[in-house]
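Here are the chains, one letter per residue:
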Amino acid sequence: MTGYQEVLTDPSYNGQIVTMTYPEIGNTGINPEDVESNRPWVEGFVVREAWGPPSSWRHVESLDAYLRRYRVCGISGIDTRALTRRLGTGGPRWRSCRRPTSTRIASHEKARELPSLVGATW
């Protein structure tokens, strides 16, 4: 596994929010040859900078369009390397992604209902 498309479609990331530390993600777009399964499995996708229109001749859609089609919560403009360092020292945490149509209170309640990560294996 080498790229963001493979990470998004790898079932081992089911339900997780994945943070990519490479500064620019999305430049090659999405193409059917590079998927690990027929849909993304991540709950959320965090990147430093989401690349604009794909530059690869192999792409069939942009990363943004792909995430929207499968209703995967994505965010950009985050210092992903700092976030990764913080997660590395503080350990993983349960989080949930909030859609624009949901309330902050509902999102907090959803996150509180998740089981503890202590002893969890992936």
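Before reading further, recall that the structure is shown in the block above.
Residues numbered from 1 in each chain as written. Predicted model: local features only at pLDDT ≥ 70, side-chain atom pairs only at ≥ 80, totals over all residues. Heavy atoms only, no water.

A. Main features of the packing of aromatic side chains. One pass over the full model with this rule turns up 1 aromatic pair. The lysine or arginine in question, Arg39, covers the ring of Trp41, its NZ or CZ lying 3.6 Å from the ring centre. (Phe/Tyr/Trp six-rings, centres within 6.5 Å; stacked < 30°, edge-to-face > 60°. Lys NZ or Arg CZ within 6 Å of the ring centre and 35° of its normal.)

B. A look at the side chain of Thr80. Within the element layout of this structure, Thr80 appears in helix α3 (residues 80–90). Residue Thr80 is classed as buried on the basis of its relative accessible area of 1%. (Helix = DSSP H or I, 4+ residues; strand = E, 2+ residues; numbered from the N terminus. Buried < 20%, exposed > 50% of the residue type's maximum accessible area, 1.4 Å probe, protein only.)

C. Expanded view of the side chain of Ser37. Structurally, the position occupied by Ser37 is in the loop between β2 (24–25) and β3 (44–46). Here the side chain of Ser37 touches Arg39 through a polar contact of 3.1 Å, landing on its backbone oxygen. Looking at Ser37, its side chain comes within polar contact range of the side chain of Trp41, at 2.8 Å. If we skip the residues at most four places from it in the chain, Ser37 touches Thr9 and Pro11. (Polar contact = N/O pair within 3.5 Å; in protein donor to acceptor, adjacent residues only side chain to side chain. Contact = heavy atoms within 4.5 Å.)

Honestly, it's all geometry; don't read function into it.
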